[in-house]
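For reference, the chains in residue letters:
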Amino acid sequence: MQSHVRGRPPAEVAVVIVAFNSGAWLDRAITRVLESTIPVSVIVSDNGSTDGSITRVRDCWGGDDRVRIIAHGRNLGFATAVNRAIEQSDEPTVLLLNPDCEVQPETIERVLAALRDDGVAGMAGPRVCNPDGSEQAGGRRLDPTPQRVLAWAFERPMRWLGRSPRSFNLNGQPLPPGPVPVEAISGAFMLVEREAIGCVGPMDEGYFLHGEDLDWCRRFRDAGYHVLFVPDAIATHAKGTSSSGRPVRTEWHKHRGMVRYYRKFAGTTPRDRLALAAASTLVWAHFLLVLPRLLVVRFRVPSRAVPPAD
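Being a predicted model, the structure only gives us computed values, none of them experimental.

(A) Molecular detail of the packing of helix H7 (residues 212-222) against helix H8 (residues 247-265). Contact geometry for H7 and H8: axes closest at 10 Å, N-to-C directions at 20 degrees. It follows that H7 is roughly parallel to H8 by the angle criterion. When you trace H7 past H8, the crossing you get is right-handed. Along the contact surface, H7 presents Leu214, Asp215, Arg218, Arg219 and Asp222, while H8 presents Met258, Tyr261, Lys264 and Phe265. Counted by class, the contact of H7 with H8 contains 4 nonpolar, no polar and 5 charged residues.

Next up, the structure:
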């Protein structure tokens, strides 16, 4: 079932893009992916878009057998949409790519080469950048364990003394000279070996939106695989375009996902259970704290459905 155009070699990578009212960002992401220096196929796993974006994909690429659409008719959540697309592909490698994430022509090939050269890696990601070129938080990071969350929360008052608390994100650290194992990479771009998926299992569909990427990274590492950060490959992520019109719902799922993550991987000692309870309480307290601002944003900020011009 590998997708290819007559005269082209079979695709090495199935690029899975989960779409939900992604606007023109989706067109742009597909265009950039198809300019890659290695053969790829694209699967748009659509969670019930109503903004016309899927119609535009059909109009633009309906005759191109490198591009397929799986229309679910409703919002199944990110993890479920990913798993359905993986089930309907057979390329040896799968790339999860957000619709608001753009790759350079050599990005996928560089990340794939690092993944294959490592020998122990099951997953890899590039240096994810903001549109201004700065490295985005989340592209290389630590596991946000309950203990680390509590330490971070108690250290935040240090800012008043001019000191910075420790962060889960490593984007403030110098770039390594080459690919290195990290605890987690960004879900905006995750290149995964199909063989490793067979060992680790699919994404956890108990997460609706947010948290499933951290969960997968943790499970890959627990299974003995490296999760690689590849600094010389770059992807640009606009971040949050499909969810900009639903900030309250998005943040609720984000906070719910973190609590699920804590519970799933928490230890069993009394100290672990205490840290879990404290961290979970902190997460929901944070949600209630930001809720008024989210309600204001919901009614004032327009959707970012149109990317900036080149």
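(B) Spotlight on the pairing of strand S4 (residues 93-97). Among the 5 residues of S4, 5 are classified as buried, and the element is accordingly described as predominantly covered. By the alternation rule, side chains of S4 split into Thr93, Leu95 and Leu97 and Val94 and Leu96, which are all buried. Where strand S1 (residues 13-19) lies against S4, 4 bridges are found, and the strand directions are parallel. Its bridge partner being in S4, Val13 is matched across the sheet by Thr93. Summarising the sheet, S4 and strand S10 (residues 189-193) pair through 5 bridges and their orientation is antiparallel. Paired with Leu95 across the two strands is Leu191, which belongs to S10.

(C) Summary view of the pattern of salt bridges. Within the structure shown, the criterion is met by 18 salt bridges. The residue Arg84 makes a salt bridge to Glu205 at a minimum N-O spacing of 3.0 Å. With Arg84 in helix H3 (residues 78-87) and Glu205 in the loop between helix H6 (194-200) and H7, this pair connects stretches of sequence that are 121 residues apart. Among the ionic pairs, Arg221 bridges to Asp143, the shortest N-O distance being 2.9 Å. On the criterion of sequence distance, the pair formed by Arg221 in helix H7 and Asp143 in the loop between strand S7 (140-141) and helix H5 (146-155) is long-range, its members being 78 residues apart. Residue Asp143 is classed as buried on the basis of its relative accessible area, which comes to 3%.

(D) Expanded view of unusual backbone geometry. Positive phi is not limited to glycine here, since Asn21 has a value of about 50 degrees. Tracing the backbone shows Asn21 in the loop between S1 and helix H1 (24-34). Classification of Asn21 as buried rests on a relative accessible area of 17%. Even without glycine at this site, His210 takes up a positive phi of about 80 degrees. Inspection of the secondary structure assignment puts His210 in the loop between H6 and H7.

(E) Quick look at the side chain of Asn98. Structurally, Asn98 can be placed in the loop between S4 and strand S5 (101-103). Once residues within four sequence positions are removed from consideration, Asn98 is found in contact with Ile17, Ala29, Phe78, Gly187, Ala188 and His237.

Conventions used here
- Residues numbered from 1 in each chain as written.
- Predicted model: local features only at pLDDT ≥ 70, side-chain atom pairs only at ≥ 80, totals over all residues.
- Heavy atoms only, no water.
- Axes fitted to C-alpha atoms, helices over the stretch in contact; angles between N-to-C directions.
- Helix = DSSP H or I, 4+ residues; strand = E, 2+ residues; numbered from the N terminus.
- Parallel < 35°, antiparallel > 145°, perpendicular 65-115°, else oblique.
- Left-handed = near helix turned anticlockwise from the far one by under 90°.
- Contact = heavy atoms within 4.5 Å.
- Nonpolar A, V, L, I, M, F, W, Y, C, P; charged D, E, K, R; others polar.
- Buried < 20%, exposed > 50% of the residue type's maximum accessible area, 1.4 Å probe, protein only.
- Pairing = 2+ DSSP bridges.
- Salt bridge = Lys/Arg side-chain N within 4 Å of Asp/Glu carboxyl O.

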